[in-house]
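Given next are the chains, with one letter for each unit.
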Amino acid sequence: MVERFTPEEAGYVRYSDILERLRESFPAVPTWRLDQIITAENEAITGGLLRIVPAEVESGAIEMLEREQQNRMSDDDEVA
């Protein structure tokens, strides 16, 4: 008999849930950019667009956004 898992138990989350959490965590980042990052992370892991995505996509997206924020802040600190 095959054991059944919910998407959450299998390590998947809804795309819309990731997008909403990232909007809350990174309110200054436009939605189109969040979508780009989620899509890039999902494609890197799965090779395609899904309605549910591996949970690792969210952590990868957070890493990318935090790096972008750090780069923006360091660019602002530079004196020309």
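What counts, and at which threshold
Residues numbered from 1 in each chain as written. Predicted model: local features only at pLDDT ≥ 70, side-chain atom pairs only at ≥ 80, totals over all residues. Heavy atoms only, no water. Helix = DSSP H or I, 4+ residues; strand = E, 2+ residues; numbered from the N terminus. Contact = heavy atoms within 4.5 Å. Salt bridge = Lys/Arg side-chain N within 4 Å of Asp/Glu carboxyl O. Buried < 20%, exposed > 50% of the residue type's maximum accessible area, 1.4 Å probe, protein only. Core = buried A, V, L, I, M, F, W, Y, C linked by side-chain atoms within 4.5 Å.

**Q** Residue-level account of the side chain of Glu58, with values.
**A** With respect to the helices, strands and loops of the structure, Glu58 is situated in helix α3 (residues 56-77). Contact partners of Glu58, with chain neighbours within four places excluded, come to Ile18 and Arg21.

**Q** Explain the pattern of salt bridges to me, and be specific about the residues and the numbers.
**A** Should their charged atoms come close, side chains of opposite charge can pair. In total, this model carries three salt bridges according to the counting rule given. Between Arg21 and Glu58 there is a salt bridge, with the nearest N and O atoms lying 2.7 Å from each other. With a gap of 37 residues between them, Arg21 in helix α1 (residues 15-25) and Glu58 in helix α3 connect regions that are remote in the sequence. By relative accessible area, which is 33% here, Arg21 ends up partly exposed.

**Q** Please set out the nonpolar core residue by residue, giving values where relevant.
**A** In terms of nonpolar packing, the biggest core is built from 15 residues, with Ile18, Leu22, Leu34, Ile38 and Leu65 touching the most fellow members. Counting only elements with at least two residues in this core, the list comes to α1, α2 (31-46) and α3. Ignoring sequence-local partners within four residues, the contact set of Ile38 consists of Tyr15, Ile18, Leu19, Leu22 and Val57.

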